[in-house]
Amino acid sequence: MHTTILVTGATGNVGREVVKQLSMLDGDIRVRAGVHSIIKGENLKRLPGVEIVEMDFEDPESLHAAFTHADKVFLITPFADDQIEMAKTLVDEAKKAGVKHIVKLSALGAHAEPGIQLGRWHREIEKYIEQSGISYTFLRPASFMQNYINYNAASIKSEGKFYQPIGEGKVSYVDTRDIAAVGVEALTSEGHEGKIYDITGPEALSNYEVAQLLSEVTGKQVEFVDVPESDAKKAMTEQETPEWMADALLELYSVQKAGHSEKTTDTVAQVTGRKPHTMQQFLQDHKDCFI
Ligand SMILES: NC(=O)c1ccc[n+]([C@@H]2O[C@H](COP(=O)([O-])OP(=O)(O)OC[C@H]3O[C@@H](n4cnc5c(N)ncnc54)[C@H](OP(=O)(O)O)[C@@H]3O)[C@@H](O)[C@H]2O)c1
């Protein structure tokens, strides 16, 4: 009997790694990559045992085919102001289709009270899954190492500098490859039902330390520039970042600056049997993005 696993948000940072890692497993697993845009999903098509299905979370009509005969779901919703509605629609579809297990990508500190907006959105989705009656595993990762590629690589390339309002704050950044590996275990082995995994990298680093590592790995001087919150907000406004998003990010940065994102866990090693990637390894593997 084969197992069909649907991965939503399959072209994103975590989703594409989950699809890739599932496709490399032996066993009778069919991987269904739920993609928003077929063009972005082209690379996933080439992976063995992977089928592509188009999904628009804001269009419930488009979801039926994706969920039909899906046994398990890796649930990713984007950083969007209607992510709760999107996720609830996905959980409802999962229930209708008889999905047996949901692994949800959440965020570290989602349960904190009062916590921050980013966490509260995730906790509301977690609660909806809890009351759905579907078996679940919640993955609560720290900030992604891949954020340095997505948000800082451009200025590192052009000016050798990157900017954030977090001062000396240390963060236990995690590689999305390790988040995916934990998720793949939760989807394919026993004993993860009802579990909540706080997932971090092996160490907490300040941006000054990351800049030092970037300088060593790239062979060029990279500087971290601490900026006041007001400057960060101005820059986000100039880049046309929606106000809700800028406010949520600034709230996260203030928590990081205050030293509340330093906690590390051994979840990756405990669940996968492998050590998590260090920042040095991550930067080395992606150094071309920063040169
Ligand atoms: N970044 C961090 O440090 C961090 C830390 C902890 C938790 N998280 C959580 O991680 C999640 C994001 O994961 P990620 O970074 O892997 O995702 P991502 O790279 O932002 O990608 C989002 C995925 O969702 C798809 N998508 C967007 N809108 C859609 C729609 N309307 N219908 C269907 N698909 C849609 C995107 O496809 P298109 O690109 O084609 O639109 C993409 O595949 C968020 O919930 C965030 O809160 C992030």
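In this text the structure is predicted, and so the values were computed from the model without any measurement. (Residues numbered from 1 in each chain as written. Predicted model: local features only at pLDDT ≥ 70, side-chain atom pairs only at ≥ 80, totals over all residues. Heavy atoms only, no water.)

### A short note on the domain arrangement of the protein
Looking at the assigned domains, one finds that the protein contains domain 1 (3–141) and domain 2 (142–175 + 200–263 + 275–291). Computed over C-alpha atoms only, the centres of domain 1 and domain 2 are separated by 26 Å. At the interface, 15 residues of domain 1 touch 14 residues of domain 2. Between domain 1 and domain 2, a total of about 1,100 Å² is buried, with carbon and sulfur atoms accounting for 75% of that surface. (Domains from an automatic or database assignment. Contact = heavy atoms within 4.5 Å. Buried area = accessible area lost by both parts, 1.4 Å probe.)

### Points about the packing of helix α4 (residues 83–97) against helix α5 (residues 117–132)
With their axes 10 Å apart at the nearest point, α4 and α5 run at an angle of 15 degrees to one another. In terms of axis orientation, α4 runs roughly parallel to α5. The hand of the α4/α5 crossing is right-handed. On α5, the residues that touch Q83, I84, A87, K88, V91, D92 and K95 of α4 are W121, H122, E124, I125, Y128, I129 and S132. Of the residues contributing to the contact of α4 with α5, the split by class is 7 nonpolar, 3 polar and 4 charged. (Axes fitted to C-alpha atoms, helices over the stretch in contact; angles between N-to-C directions. Helix = DSSP H or I, 4+ residues; strand = E, 2+ residues; numbered from the N terminus. Parallel < 35°, antiparallel > 145°, perpendicular 65-115°, else oblique. Left-handed = near helix turned anticlockwise from the far one by under 90°. Nonpolar A, V, L, I, M, F, W, Y, C, P; charged D, E, K, R; others polar.)

### Some words on the site of the ligand
Near the ligand you find 25 residues, and of these T11, N13, H36, K40 and H122 are the closest. In the model, an oxygen atom of the ligand is placed 2.7 Å from a nitrogen or oxygen of the H36 side chain. When the ligand is considered free in solution it has 930 Å² of accessible area, and contact with the protein chains removes 82% of it. A class-by-class count of the residues in the shell around the ligand yields 11 nonpolar, 11 polar and 3 charged. In this structure, the shell around the ligand is formed jointly by two domains, domain 1 (3–141) and domain 2 (142–175 + 200–263 + 275–291), each of which donates at least three residues. (Near = heavy atom within 4 Å. Polar contact = N/O pair within 3.5 Å; in protein donor to acceptor, adjacent residues only side chain to side chain. Areas by Shrake-Rupley, 256 points an atom, 1.4 Å probe, with all protein chains shown as cover.)

### Here's the deal with the pattern of salt bridges
The full count for this structure, using the stated rule, is 16 salt bridges. Here E42 makes a salt bridge to K45, at a shortest N to O gap of 3.2 Å. In this pair, E42 and K45 are both assigned in helix α2 (residues 42–45), 3 residues apart and thus about one turn of the helix distant. Overall, the relative accessible area of 32% leaves E42 in the partly exposed class. (Salt bridge = Lys/Arg side-chain N within 4 Å of Asp/Glu carboxyl O. Buried < 20%, exposed > 50% of the residue type's maximum accessible area, 1.4 Å probe, protein only.)

### As for the sheet that holds strand β6 (residues 135–141)
With parallel pairing, the 7 strands of this open sheet are ordered in space as β3-β2-β1-β4-β5-β6-β9. The open sheet has two edge strands, β3 (50–54) and β9 (195–199), and neither has a second partner. Between one strand and the next, the sheet's axes are offset by a mean angle of 20 degrees, whatever the strand orientation. Across 5 bridges, strand β1 (residues 3–7) lies against strand β2 (residues 29–35) in parallel orientation. Of the residues in β2, the one forming a bridge with I5 is V31. In this fold helix α1 (residues 15–23) packs onto β1, β2, β3 and β4 (72–75), with an angle of close to 160 degrees to the strand it touches most, β1. (Pairing = 2+ DSSP bridges.)

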